[in-house]
Amino acid sequence: MSKTRVRFAPSPTGFFHIGSARTALFNWLYARHTGGTFVLRIEDTDDERNRVEYLNILKDGMKWLGLDWDEGPDVGGDFGPYFQSQRADIYRQYLEILRKKGRAYDKDGAVFFKVSGETQILHDAVYGDVARMEEKDFPIFRSNGTPVFHFVNVVDDICMQITNVIRGQDHLTNTNKHIELFKAFDAPMPQFAHIPLILKSEGQGKMSKRDRGALIEEYQQKNYLPEAVRNYLCMLGWNPKNDREIMPIGEIIALFDFHGIVKSNARFDERKMSHFNTEYLRALAPDKFVAMARRAIETESDIKLPEDSAYVEKVFLLCQPKAANLECFPSMVEFFFNDAYKFDAAAREKVYKKGNPDERLAQVFEVLKSLESFDHDSIYSAISALAEKNGVKITEYMQILRYSVSGLAGGPDLMPMLEVLGKSKVCERVEAYLKR
Ligand code: GLU
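All of the points below concern the structure found in this document.

### Observations regarding the layout of surface pockets
- The volume enclosed by the largest pocket comes to roughly 950 Å³.
- Every residue lining the largest pocket is counted, 41 residues in all, and those nearest its centre are Pro-10, Ser-11, Ser-20, Asp-170 and His-171.
- Listed by contribution, the elements that provide at least two residues to the lining of the largest pocket are β1 (5-8), α1 (18-34), α2 (52-64), α4 (149-159) and β8 (164-168).
- The biggest single contributor to the lining of the largest pocket is α1, with five residues.
- Of the residues contributing to the lining of the largest pocket, the split by class is 16 nonpolar, 15 polar and ten charged.
- Along the walls of the second largest pocket sit 13 residues, with Val-351, Lys-354, Thr-395, Glu-396 and Gln-399 positioned nearest its centre.
- Taken together, the elements giving at least two residues each to the lining of the second largest pocket come down to α13 (345-351), α14 (357-369) and α16 (394-406).
- The leading source of residues in the lining of the second largest pocket is α16, at four residues.
- Split by residue class, the lining of the second largest pocket holds three nonpolar, four polar and six charged.

Written as structure tokens, this is what we have:
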């Protein structure tokens, strides 16, 4: 068996869409699963619509997702340029082959491919056998001299010795033309695997570039974890059949094959994507989490972090288990770093729903002031003793205390939160709040 060679062959005519990313990912997974080679080939013959900036976005997005390619732009390789725009000579040579075989002819300034008139059977690894007959000859070079997609796609797959063509189901109808071409060249046929479409989150229809959550760039900007996005994309059209979805990439690589690819279209689910992100964020190693949280705060918020990195680290790690994403993280931790923190209106309503919170706060303030040791156990024992003495639930003290020092109704666990803030800050804030 020859070694697996797969390719991702985008036309860089737009931003990096999750449908394209998923195609790249499945090719990459298959290459890594088989120990084969993953080629990146840029199908840029339609030069009007191709832009260098799109190419950079694409490469950036692939690198961010960890989809490293073995041949193509930015890496050496034995197969020459990986931009179709640089392969005109090769396409001319291949056209000559077809002419010699009597399978290409000129008409109206264009060059046409002469079809065989035979029914072709596509053995698709996902969709099974599909029989089709190509009725009409089709153009392979336009009258302006540029080659047509079907032709360059097949010529490149031949030159680059591609063994498996893994691409979107929207190409299923093109494949018959491609089979005709492979046969006309007497070239070995790659195995085709068409992967299901990604539908938009609601209603029918393919997810388009305009749908929310459709561009990889959006996740980069929102500081999603690339491993989470990649893991989620693996589950869009592939099923490990083990009732697990959140899995390390190494396990996915080990399990990935065409049997697991589902035929029915996959539906994009923004909430699920965000859930994957939350799970990955909470499971992140402390030093990685601290680095990412710091970057999110420095780039996406106005918060000025103090010099004291031990304090910053304590705050971040305290809040990590409650962090839903890095986009909301700055607003969650702001009060630790800013004495002029804001009081949230909804939180206020919740805290002042019943009882007399200000009176409770005054009582708890007296207790906190007199504490010698301000660790979470001591704080907890003191507050629960107070609650017991006054015959009220401890949460009545906790809610108003949290609100007065943070302006919020939720957040990290209260006792360690008070401990991290420290006695003087807590007492200053409570006192100021009582005097407001
Ligand atoms: N350039 C084509 C696309 O972006 C490639 C199709 C294929 O993978 O063969 O859809």
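### Focus: a positive patch on the surface
- Together, Lys-350, Lys-353, Lys-354 and Lys-393 make up a positively charged patch on the protein surface.
- Looking at the secondary structure, you find Lys-353 in the loop between α13 and α14.

Conventions used here
Residues numbered from 1 in each chain as written. Predicted model: local features only at pLDDT ≥ 70, side-chain atom pairs only at ≥ 80, totals over all residues. Heavy atoms only, no water. 1 Å grid on protein atoms, 1.4 Å probe; cavity = no way out; pocket = protein on both sides within 12 Å on 5 of 7 lines; lining within 4 Å. Points joined across faces, edges and corners; volume = space filled by probe spheres on them. Helix = DSSP H or I, 4+ residues; strand = E, 2+ residues; numbered from the N terminus. Nonpolar A, V, L, I, M, F, W, Y, C, P; charged D, E, K, R; others polar. Patch = residues over 30% accessible without salt bridge, like charges linked within 9 Å, V, L, I, M, F, W, Y side chains within 5 Å. Areas by Shrake-Rupley, 256 points an atom, 1.4 Å probe, with all protein chains shown as cover. Salt bridge = Lys/Arg side-chain N within 4 Å of Asp/Glu carboxyl O. Lys, Arg positive; Asp, Glu negative; His and termini not counted. Charge placed at Lys NZ, Arg CZ, Asp CG, Glu CD.

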